[in-house]
Each structure stands twice: as structure tokens, then as C-alpha cells.
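Single-letter residue listing:
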Amino acid sequence: MNELLKEVSRLHVPNPPATPEQLDAFEQRVGWRLDPDLRAFYLHCDGARLFARRDPTFGFVDPSFTFLPLSRIARARVVMRDEDTDQAGPPSWYAICEVRDSNYILLDVSHQEGGRYSIRDGYNEAFPDPEYCAPIASSFQEFLAGSLRSQGRWFWLRGEA
């Protein structure tokens, strides 16, 4: 995880780190604990933009991946459907990253494998159908590594952008 975080800082646009107090407040707000990968990421940077273009007028724009700061992480059904009901999606899916066109990367906190939460595709048009919002990485570290290697592409779609 350390090498991935160094790459985020060296080649991309990280936010300043979250404080331990911010992590604690986040965990109290959502009712679950960050896994070790997420904890390391947020202590390194409270969100980040990967593959953002530098615009002289507007700064960094059009990132391929926008990892949300802790303050913006919320249930996917609230973020994507503006509704906090079971009909709008599972309560255990959280939007953690925007990936253009109103699509998101989702953290599934319903269970852990090896102490890590899995990552799902938050395909907006088919949300919350689990067939179309399928698992795409077994951990945040795996997803971050794929994102950094992707050259800004949605690597989990096998050739699609």
C-alpha cells in the first residue's frame, strides 16, 4: 500500500491527509470501521484525483477517478438515487469514488474477506442490480493498484473507457 500511496502523491492530485479524529468521526457517522487499506489511504490523503488534466484557468480538471473525501462518503443509494430506502439499493454499499457520467465505485461493507471490504462497479443506469454492479476488486488496495495502472481507463470493463 505504501508504494501505491507514494505514486498517488508523486503523479496525481491528493488532498491533504485526514486526521485520526476525522477518521473516528467518520466511523461513528457511518457505523462501520475503515479497513487497513482505507485507513492508510485516508491518513495519507483525504481523497484524491487521478489522471486529472491541468487547466491554466481552472486548475486540475476532468479526473478519471475522484476518490471522495471522508466527508462525502455516503450510502450509494443516497448518492445515486437521493433516497435512503431498501428499494433504492442495499444499505451496505457506499460510494467512495466518482468515475464520470454519474457512475461510482462502491465499497461493500456487508462483509470482509481477509479483513478487507470488496469493491463494486456502481454502474448508474443499472443501479442497484447486483448483476450490473458486480464486484470488481477484492480490496481497496487492489482497486487502487488497477486504477493507477489504467492510464485513466475503466480497467474492470476489459477495454471499454
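Above this text sits the structure in question.
Computed from a predicted structure; not experimentally measured.

## With respect to the environment of Q22
Within the element layout of this structure, Q22 appears in helix α2 (residues 20-30). Under the relative-accessibility criterion, Q22 is labelled partly exposed at 39%. With 20 residues separating them along the chain, Q22 and Y42 place their C-alpha atoms 9.4 Å apart. When residues no more than four places from it in sequence are discounted, the contact partners of Q22 are P17 and L70. Only 2.7 Å separates the side chain of Q22 from the backbone nitrogen of T19, close enough to count as a polar contact.

## As for the pattern of salt bridges
A full pass over the atoms with the stated rule returns 10 salt bridges. The salt bridge involving D84 is made with R77; its shortest N-O contact spans 2.7 Å. The residue R77 makes a salt bridge to D86 at a minimum N-O spacing of 2.9 Å. Its relative accessible area of 58% is what places D86 among the exposed residues. Bridged by salt links that share partners, the residues R75, R77, D84 and D86 form one connected network.

Calculation notes
Residues numbered from 1 in each chain as written. Predicted model: local features only at pLDDT ≥ 70, side-chain atom pairs only at ≥ 80, totals over all residues. Heavy atoms only, no water. Helix = DSSP H or I, 4+ residues; strand = E, 2+ residues; numbered from the N terminus. Buried < 20%, exposed > 50% of the residue type's maximum accessible area, 1.4 Å probe, protein only. Contact = heavy atoms within 4.5 Å. Polar contact = N/O pair within 3.5 Å; in protein donor to acceptor, adjacent residues only side chain to side chain. Salt bridge = Lys/Arg side-chain N within 4 Å of Asp/Glu carboxyl O.

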